[in-house]
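# An overview of the molecular structure
Residue-level listing of the chains:
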Amino acid sequence: MPEIHAHRRAAAAALLHENGVDALLVTDLLNIRYLTGFTGSNAALLLHADGDAKTLFCTDGRYTTQSESEVPDLERVLDRASARALAVHAAEQGYGRTGFESQHVSVEEHEHLKVRFDRVELVRTPGLVEQLRVVKDEVEIAALRAACAAADRALAALIEAGGVRPGRTELEVARDLENRMLEHGSSGISFESIVAAGPNSAIPHHRPTGAELSRGDFVKFDFGATVDGYHSDMTRMVVIGEPADWQREIYDLVHRAQAAGAEAVRPGAVVSEVDAAARSVIAGAGYGEQFAHGLGHGVGLEVHEAPSLAAAGVGTLSAGMAVTVEPGVYLAGRGGVRIEDTLVVRDSGPELLTLSTKDLVAV
Ligand code: ZN
Ligand code: ZN
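These figures come from a predicted structure and were not determined experimentally. (Residues numbered from 1 in each chain as written. Chains lettered and ligands numbered in written order. Predicted model: local features only at pLDDT ≥ 70, side-chain atom pairs only at ≥ 80, totals over all residues. Heavy atoms only, no water.)

### Brief notes about the domain arrangement of the chain
You can read the domains of the chain as domain 1 (2–133) and domain 2 (138–362). At the junction of the two partners, domain 1 supplies six residues and domain 2 supplies eight residues. For the pairing of domain 1 and domain 2, the buried interface totals around 630 Å² over both sides, and the portion due to carbon and sulfur atoms is 53%. Summed over the three residues of domain 1 that lose the most area to domain 2, namely Leu-30, Arg-33 and Arg-133, the buried surface amounts to 64% of that side. Where domain 1 packs against domain 2, one counts two salt bridges. Our count for the domain 1 to domain 2 interface comes out at three residue pairs in polar contact (both at pLDDT 80 or more). Looking at the side of domain 1 that touches domain 2, the elements that each hand over two or more residues are α1 (2–18) and α2 (29–36). Top element by residues in the side of domain 1 that touches domain 2 is α2. It accounts for three residues. Tallied by class, residues from the side of domain 1 that touches domain 2 come to three nonpolar, no polar and three charged. (Domains from an automatic or database assignment. Contact = heavy atoms within 4.5 Å. Buried area = accessible area lost by both parts, 1.4 Å probe. Salt bridge = Lys/Arg side-chain N within 4 Å of Asp/Glu carboxyl O. Polar contact = N/O pair within 3.5 Å; in protein donor to acceptor, adjacent residues only side chain to side chain. Helix = DSSP H or I, 4+ residues; strand = E, 2+ residues; numbered from the N terminus. Nonpolar A, V, L, I, M, F, W, Y, C, P; charged D, E, K, R; others polar.)

As structure tokens, then:
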């Protein structure tokens, strides 16, 4: 879809003007993917503030064919040292101030670039493309929606097939869930899936082990699919057998906190206040200490990206941001509950992308 990439480059060019640079050397591969559609493992982009006619894309010979189809709309250079080749070009063309992604470039690479940029003034411009990426366009939201749908279908299929049962290990269940995501349209795994049973569910970022699921266990699933490079992120809980009173109680509490957090997701909301909307529900029930992480994060080409919905987070939400809302209560040695959705900030109220039921599922 070349038009959308041209549109994003135009938005980036406007940002270059605002930041007083003539060009930007883009070296982060996700930023390059965002601006060009290129999905290979080596590339650089010299984005000019005057637009595509002066913008140059570089990759190496392994990607000749792939880059022809993925980036048909930009002048292309083939060179293995892609960023350095573009620096030489900028110097030859007599570019003025040129920004680079200082948060992604090593000190060593910076030295190499400085030499090749020669008389060009190289300036640090961290986070320019990320600034654009934080607000998703409809093409991105469609990919996020598809990724979330693949995860929803995989979890439903796992439960329906009896895949969550005593005697299976966390690892077996995690692999089963991941295979089902691939069967249901995911092109990969968004991040290492969390399947945490019984007391392990009290560990927020537990890695699946050989521990067997047992009757009475809470089983926490935190997992995601990917579609066109976009990630989904969702956490759901299952109880094996009839839920005990304490399980119902903390599940209900986290469920209410999650709803309060989601309700606070709207354009203009201060991120720390969204966090507080959910946190106050949990703290009010006396479990504030047992909710020791932020409420959520942005999701896109990376599974964790800006904005951060946390007590210490800064800034406000805008329409088009995709964020998670994922409060939790973790009782060490017993079990924990987290419920996580991925939502898009909309003027008319948040659009829920993760549609799996949030009623407590007992199997
Ligand atoms: Zn998650
Ligand atoms: Zn998350």
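### A closer look at the packing of helix α9 (residues 245–263) against helix α10 (residues 271–284)
Contact geometry for α9 and α10: axes closest at 8 Å, N-to-C directions at 160°. Accordingly, the angle class assigned to the pair α9 and α10 is roughly antiparallel. As for how α9 packs across α10, the hand of that crossing is right-handed. Of the residues in α10, those in contact with Leu-253, Arg-256, Ala-257, Ala-260 and Gly-261 of α9 are Val-274, Ala-277, Ala-278, Val-281 and Ile-282. (Axes fitted to C-alpha atoms, helices over the stretch in contact; angles between N-to-C directions. Parallel < 35°, antiparallel > 145°, perpendicular 65-115°, else oblique. Left-handed = near helix turned anticlockwise from the far one by under 90°.)

### Some points on the UniProt feature "domain: Creatinase N-terminal" (unreviewed entry) in the chain
In this numbering, the UniProt entry assigns the feature "domain: Creatinase N-terminal" (unreviewed entry) to residues 8–135. Secondary structure across residues 8–135 divides into 42% helix and 19% strand, with the first and last C-alpha atoms of the span separated by 11 Å. (UniProt positions renumbered as here; feature names shortened; annotations may be inferred.)

### Remarks on the coordination of the zinc ion (ligand 1)
Coordination of the zinc ion (ligand 1) by the protein is provided by Asp-222 (OD), Asp-222 (OD), Asp-233 (OD) and Glu-340 (OE), with metal-donor distances spanning 2.0 to 2.6 Å. For the zinc ion (ligand 1), the four donor atoms in the first shell make angles of 55 to 151° at the metal, so the coordination geometry reads as irregular. A relative accessible area of 3% places Asp-222 in the buried class. Overall, Asp-233 belongs to the buried group, its relative accessible area being 2%. (Donors = N, O, S within 2.8 Å, 3.2 Å for Na, K, Ca; no water. Tetrahedral: all angles 85-135°; square planar, octahedral: opposite > 155°, others 65-115°. Buried < 20%, exposed > 50% of the residue type's maximum accessible area, 1.4 Å probe, protein only.)

### Observations concerning the pairing of strand β16 (residues 335–338)
Side chains Gly-335 and Val-337 of β16 all project onto a buried face; the interleaved residues Gly-336 and Arg-338 project onto the opposite face, where all are buried too. In the sheet, strand β15 (residues 328–331) pairs with β16 via four bridges, with the strands oriented antiparallel. Residue pairing in the sheet places Tyr-330 in a bridge with Gly-336 of β16. Linking β15 back to β16 in an antiparallel pair, the connection comprises three residues, with Gly-333 at a positive phi of about 85°. (Pairing = 2+ DSSP bridges.)

### Thoughts on the coordination of the zinc ion (ligand 2)
Tetrahedral coordination by four donors puts the ideal angle at the metal at 109.5 degrees, and octahedral coordination by six puts it at 90 or 180 degrees. Surrounding the zinc ion (ligand 2) are the protein donor atoms Asp-233 (OD), His-297 (NE2), Glu-326 (OE) and Glu-340 (OE), at 2.1 Å. Classification of the site at the zinc ion (ligand 2) rests on its four donor atoms, whose angles at the metal span 77 to 153°, yielding the label irregular.

### A word on the nonpolar core
Ranked by size, the top nonpolar core spans 32 residues in total, and within it Leu-16, Ile-32, Tyr-34, Leu-35, Phe-38, Leu-45 and Phe-57 carry the most contacts. Put simply, the parts of the chain that give this core at least two residues each are α1, β1 (23–26), α2, β2 (43–48), α6 (128–133) and α7 (138–160). Looking at this core element by element, the count peaks at four residues for α7. Of the residues that make up this core, three or more belong to each of domain 1 (2–133) and domain 2 (138–362). (Core = buried A, V, L, I, M, F, W, Y, C linked by side-chain atoms within 4.5 Å.)

### A closer look at the sheet that holds strand β8 (residues 218–223)
Overall, mixed pairing links the four strands, which are arranged β7-β8-β11-β19 in an open sheet. The open sheet terminates on both sides in strands that have one partner only, identified here as β7 (194–197) and β19 (361–362). Here α7 sits on the sheet and contacts β8, β11 (234–239) and β19; the angle it forms with β11, its principal contact strand, is near 15°.

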